[in-house]
Amino acid sequence: MSTRGKAVATAIVCAASVVGTILLWPASHSAPAAPTSEQIKASAQARLDMSLEAGRTAREMIRATGQTPGDESCQAAWDNMLPEEQQDLRYAMWRQGCADDPTP
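Residues numbered from 1 in each chain as written. Predicted model: local features only at pLDDT ≥ 70, side-chain atom pairs only at ≥ 80, totals over all residues. Heavy atoms only, no water.

Participant: Teacher, can you tell me more about the pattern of salt bridges here?
Facilitator: A side chain with one charge can pair with a side chain of the opposite charge if their charged atoms come near. In total, this model carries 4 salt bridges according to the counting rule given. In this structure, the salt-bridge partner of Glu60 is Arg59, at a minimum N-O distance of 3.7 Å. Relative accessible area serves as the criterion here: at 4%, Arg59 is assigned to the buried category. Its salt-bridge partner being Asp71, residue Arg95 comes within 3.3 Å of it at the nearest N-O pair. Here Arg95, found in helix α5 (residues 91–99), pairs with Asp71, found in helix α3 (residues 71–79); they are 24 residues apart in sequence, far enough to count as distant. Each of Arg59, Glu60 and Arg63 takes part in salt bridges that share partners, so that together they form one network. (Salt bridge = Lys/Arg side-chain N within 4 Å of Asp/Glu carboxyl O. Buried < 20%, exposed > 50% of the residue type's maximum accessible area, 1.4 Å probe, protein only. Helix = DSSP H or I, 4+ residues; strand = E, 2+ residues; numbered from the N terminus.)

Encoded structure:
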């Protein structure tokens, strides 16, 4: 096969590959489905539950140091957290878990 024939064959293979990729590629115009209201509610509740549990863990850590969990010690524990640790927590729920003893 001549050089020109090889070049034409290569061009045809490349063009076929590009066309095949374009035709087989998933449609990018389809947007992802929006979350349902139930999913949104479940996500919000999970965040509240996680915040409360993190506060309770902080309370136990304060007790492990021999201190009594209260407003000042819980605020100090919150202030010592990194912003990355605080961003997924709801402060009010975290504070409730830290400062308030759970009811039996």
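Back to the write-up after that little detour.
Participant: I would appreciate a short explanation of the packing of aromatic side chains in the present structure.
Facilitator: Each aromatic ring pair is summarised here by two numbers: the centre-to-centre distance and the angle between the ring planes. Throughout the structure, instances matching the rule amount to 2 aromatic pairs. Consider the rings of Trp78 and Tyr91, whose centres lie 4.9 Å apart with planes at 70°: the pair is edge-to-face. Pair noted here: Trp78 is in helix α3 and Tyr91 is in helix α5, with a separation of 13 residues, a long-range link. The class for Trp78 is buried, based on a relative accessible area of 11%. You can call Tyr91 partly exposed: its relative accessible area is 32%. (Phe/Tyr/Trp six-rings, centres within 6.5 Å; stacked < 30°, edge-to-face > 60°.)

Participant: When you look at the nonpolar core in this model, what are you seeing that I'm missing?
Facilitator: The nonpolar side chains of a soluble globular protein tend to be buried, and buried together. Ala58, Ile62, Cys74, Trp78, Met81, Leu89, Trp94 and Cys98 together form the largest nonpolar core, which totals 8 residues. Elements represented by at least two residues in this core include exactly α2 (37–64), α3 and α5. Those residues in contact with Cys98 that lie beyond four places of it in its chain are Gly55, Arg56, Ala58, Arg59, Ile62, Pro69 and Cys74. (Core = buried A, V, L, I, M, F, W, Y, C linked by side-chain atoms within 4.5 Å. Contact = heavy atoms within 4.5 Å.)

Participant: Help me understand α2, please; the structure alone is not making it clear to me.
Facilitator: Note that an α-helix has 3.6 residues per turn; residues three or four places apart therefore point the same way. When the terminal C-alpha atoms of α2 are compared, their 41 Å separation across 28 residues agrees well with the 40 Å that a helix rising 1.5 Å per residue should span. Looking at α2, one finds that the buried residues are Ser51, Leu52, Gly55, Ala58, Arg59 and Ile62. Packed against the buried residues of α2 are α3 and α5. Positive phi appears at Gly66, one or two residues downstream of α2, with a value of about 90°. (Expected span 1.5 Å × (residues − 1).)

Participant: Please clarify how the state of the cysteines should be interpreted in this entry.
Facilitator: A disulfide bridge is the covalent bond that connects two cysteines by way of their sulfur atoms. A full pass over the atoms with the stated rule returns 1 disulfide. Sulfur-sulfur distance for the disulfide between Cys74 and Cys98 comes to 2.0 Å. The disulfide joining Cys74 to Cys98 has a torsion of about -90° about its S-S bond and is therefore left-handed. Of the two residues, Cys74 is situated in helix α3 and Cys98 in helix α5; the sequence distance between them amounts to 24 residues. Of the two residues, Cys74 and Cys98, both sit in the buried class. (Disulfide = S-S within 2.5 Å.)

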